[in-house]
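A look at the structure
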Amino acid sequence: MQVEYEAVHRHMVDHRTVELPEGTLLDVGRIPGLNWEVALAETGPTNTRAALVTQSAIGHFDAEAVLFVGVAGALKDDIRLGDVVVASKVHSYHGGRESLDGFSARPDTWSPEYAVDQLVRSACRNKPWALLLPGPRPATPPKVHFAPIASGDVLLGNRDSETARRIRRHYNDAVAIDMESHGVTQATRMNRAVRALTIRGISDFADPDKSARDAAGSQETASRHAAAFAMRVLRDLRPQRQVAQEPRSAPAVVMVSAPDRSTRSAAWGSRPVLDVAGQQYLLYEGPGDLVHESRDGDVLRRQAVARVVPDGAGRGAYAWLRQVERTGPPPGPDQFDPLAALEREAELCRRLHGPGVVQLTRSGKTSTLALAWPDDPKLGRPPGTVHELLPESPTPTDPHHLWSLVKGLADIAQSLERLSDAGYSHRALRPTAVVMHRPRMVLRDFGLATVPPRRGENAGPYQAPEQRHGSRVRPGPATDVYQLGALLHRALTGRIPDPGLPAYRGSESVPDRLVHAVAGALREDPAARPGARTFRLALISAARELASVPPPQR
């Protein structure tokens, strides 16, 4: 997918595009300081397509090495988001025999050669993140796991599914899962002189909450870490052939996977222009979760930032597109209808002065809602989200920067207050849910306001205690206060709130009002948190104090 491709591409210089005879396009360039030329290709989302592209690239370039770099889902609880799994084995879990006695596995497993195995172990011990590019860094360095992975043509989104149980039963040493590694390694197996390795960053836990984690930026982080470790391995991997005369004759081929895109015309990721009931949208591919598809049972959800294609002259405004498609039978009289929930959200936006409704349509089993996304002609792109303002690690607090964030989140608190007064709650606040529309901030949508609360909703770092599995408290307006407090905690400390750590106590540069507001918002008991109005007033007061701080001396 694009985020995986870009993570590797950022390491390359002097790149050029090469077209293979069958039409595959690769970027070819070099990595500064490394004795390699690199050909970068994007494979398809299945093992078959990955094998075809890999085999073609190896043959065209007479490659010496293949590194398969991208994201995967974790299968073990001790693997964290952002960790990197380097495959010590690749299990193809689809091989087997079905009979009256059930399924009998016929394992097909690949392992890297011994010299590559030792190189990986050395890289894990000796500065594994030496080639991590400048940028946001997590407070805790990610871990590298040299362990088996499972690979098949199923996008696993439920750890209790038959596929997941089969993997646990027959391949229980696998710590991660993807859809392409078996194809890539099989292609390299056909070329004995080619050394190969699969390097996958963990972006989800192969469960129904994948879309929430993707929306929080997990794919970008996982791709960035996987690319950095791939470069670290490539630094120690030495070309085996004589390259003095032809230094560009035998490159390392780096493959990245493509997203699991449906072959139906409704799939957004496969085309740049989308037509919704006669209105065309130009899908915008950029940072964050701006183009995303996810499946939850028989419900397919899509979302994207797009430019509205105008009928005549003009540049067109931006919109936040969300679509829900029901692939199964219609819900019963007392069952939740996700299509109707999207339509109710449009009505709620109109009634409570939320994001403007650009378009709302229903066609058969699909509903589409387009909400207005702020526009800034000076940027030439959609304005960013609060995700761009938050630090990845503890940093000294800049009063002006903090003032801007506190003032903006006070605007968000006002929108949440209106939701609360009407009997609703957002319950899905995260950095990418808040759009910077200077000098204000606005919500991109109303989150889960029209969706009944359920255990495990809004999975990820901004999940409130009452949203977790096992909680007996129903999420509601107090959940929104907690999530606003979590955003501010991240801004103040560079860390996500952790139930195991002491309560936030602030620093000398942070107003006491803000310290008390954040500490109160993050209380475990929802009943002990301030209400939305009280929290908003506290933010306004704190913003006034921050505005009175003199600028730093230069």
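Conventions we followed
- Residues numbered from 1 in each chain as written.
- Predicted model: local features only at pLDDT ≥ 70, side-chain atom pairs only at ≥ 80, totals over all residues.
- Heavy atoms only, no water.
- Helix = DSSP H or I, 4+ residues; strand = E, 2+ residues; numbered from the N terminus.
- Buried < 20%, exposed > 50% of the residue type's maximum accessible area, 1.4 Å probe, protein only.
- Contact = heavy atoms within 4.5 Å.
- Areas by Shrake-Rupley, 256 points an atom, 1.4 Å probe, with all protein chains shown as cover.
- Pairing = 2+ DSSP bridges.
- Polar contact = N/O pair within 3.5 Å; in protein donor to acceptor, adjacent residues only side chain to side chain.
- Core = buried A, V, L, I, M, F, W, Y, C linked by side-chain atoms within 4.5 Å.
- Axes fitted to C-alpha atoms, helices over the stretch in contact; angles between N-to-C directions.
- Parallel < 35°, antiparallel > 145°, perpendicular 65-115°, else oblique.
- Salt bridge = Lys/Arg side-chain N within 4 Å of Asp/Glu carboxyl O.
- Phe/Tyr/Trp six-rings, centres within 6.5 Å; stacked < 30°, edge-to-face > 60°.
- Arc of directions from axis to C-beta.

As a further point, take the overall build of the protein chain. Helix and strand counts for the protein chain come out as 12 helices and 21 strands. Across the 554 residues of the protein chain, 53% fall into the buried class. Counting only contacts in the protein chain whose residues sit at least 6 apart along the sequence, the fraction spanning at least 24 positions is 72%. Looking at the protein chain as shown, the accessible area adds up to about 25400 Å², and 50% of this sits on carbon and sulfur atoms.

A few words now on the pairing of strand β20 (residues 434-437). Relative to strand β21 (residues 440-443), β20 runs antiparallel, the two sharing 4 bridges. In the sheet register, Met 436 faces β21, and the bridge partner there is Met 441. The antiparallel hairpin formed by β20 and β21 contains 2 residues in its connecting segment.

Moving on, we get to the environment of Tyr 5. Tracing the chain through its elements places Tyr 5 in helix α1 (residues 2-9). Under the relative-accessibility criterion, Tyr 5 is labelled buried at 15%. A polar contact of 3.4 Å, which involves the side chain of Tyr 5, links it to the side chain of Asp 27. Polar contacts involving the side chain of Tyr 5 include one to the main-chain carbonyl oxygen of Leu 40, which spans 3.5 Å.

Val 406, Leu 409, Met 441, Leu 484 and Leu 514 are the most contacted members of the largest nonpolar core, which has 51 residues in total. Of all elements in the fold, only α8 (338-351), β19 (366-373), α9 (399-421), β20, β21, α10 (477-493), α11 (512-521) and α12 (532-547) reach the threshold of two or more residues within this core. If one sorts the elements of this core by residue count, α9 sits on top with 9 residues. Residues in contact with Leu 484, not counting those within four places in the same chain, are Leu 409, Ile 412, Ala 413, Leu 416, Leu 429 and Phe 535. Membership of the second largest hydrophobic core comes to 33 residues, among which are Tyr 5, Val 69, Ala 226 and Met 231.

So, about the packing of α9 against α10. Close contact between α9 and α10 brings their axes to 10 Å; oriented N to C, the two are set at 175°. On the basis of their axis angle, the class for α9 and α10 is roughly antiparallel. When α9 is examined against α10, the residues Leu 402, Leu 405, Val 406, Leu 409, Ile 412, Ala 413, Leu 416 and Ser 420 are found in contact with a partner set consisting of Pro 477, Asp 480, Leu 484, Leu 487, Leu 488, Ala 491 and Leu 492.

In this section: the side chain of Arg 326. Inspection of the secondary structure assignment puts Arg 326 in strand β17 (residues 318-326). A residue is classified by how much of its surface remains accessible, and Arg 326, at 11% relative accessible area, is buried. Non-local contacts of Arg 326, meaning those with residues more than four positions away in its chain, are made with Asp 298, Pro 331, Asp 337, Leu 339 and Lys 365.

Evaluated as defined, the whole model comprises 27 salt bridges. One network of salt bridges, with partners in common, ties together Arg 322, Glu 345, Arg 444 and Asp 445.

With respect to the helices and strands, the residue Ser 404 is situated in helix α9. Exposure remark for Ser 404: the relative accessible area of 24% places this residue in the partly exposed category. Sequence separation between Ser 404 and Arg 440 is 36 residues; the distance between their C-alpha atoms is 8.7 Å. Excluding residues that lie within four positions of it along the chain, Ser 404 makes contacts with Arg 438 and Met 441.

What follows is about the packing of aromatic side chains. Evaluated as defined, the whole model comprises 2 aromatic pairs. Seen in terms of ring centroids, Trp 320 and Trp 373 are 5.6 Å apart; in terms of plane orientation they differ by 45°. Their pairing is tilted. One end of the pair, Trp 320, is in strand β17; the other, Trp 373, is in strand β19, with 53 residues separating them in the sequence. Classification of Trp 373 by relative accessible area gives buried; the value is 4%.

The next subject is the packing of α10 against α12. The interhelical angle for the contact between α10 and α12, taken along N-to-C directions, is 25°, at an axis separation of 10 Å. As judged from the angle between their axes, α10 and α12 are roughly parallel. From α10, Val 481, Leu 484, Gly 485 and Leu 488 reach across to α12, where they touch Ala 532, Phe 535 and Leu 539.

Before going further, it helps to examine helix α4 (residues 162-170). For α4, the full list of buried residues reads Ala 164, Arg 166 and Ile 167. Along the axis of α4, the buried residues cluster in a sector spanning 160°; they form a single face.

Along the polypeptide, Ser 218 turns up in helix α7 (residues 218-236). Using a relative accessible area of 9% as the deciding quantity, one classes Ser 218 as buried. In this structure Ser 218 touches Ser 203 and Arg 213, once residues within four positions along its chain are discounted.

The next subject is unusual backbone geometry. A cis amide bond links Arg 438 to the next residue, Pro 439, at an omega of 10°. Here Pro 439 shows up in the loop between β20 and β21. The residue Asp 62 is not glycine, and still its phi comes out positive at about 50°. Looking at the secondary structure, you find Asp 62 in the loop between α2 (47-61) and β4 (65-74). Of note in the backbone geometry, Ala 206 takes a positive phi value of approximately 55° without being a glycine. Relative to the helices and strands, Ala 206 resides in the loop between β11 (195-204) and α6 (210-215). Among the residues examined, Ala 206 registers a relative accessible area of 1% and is labelled buried.

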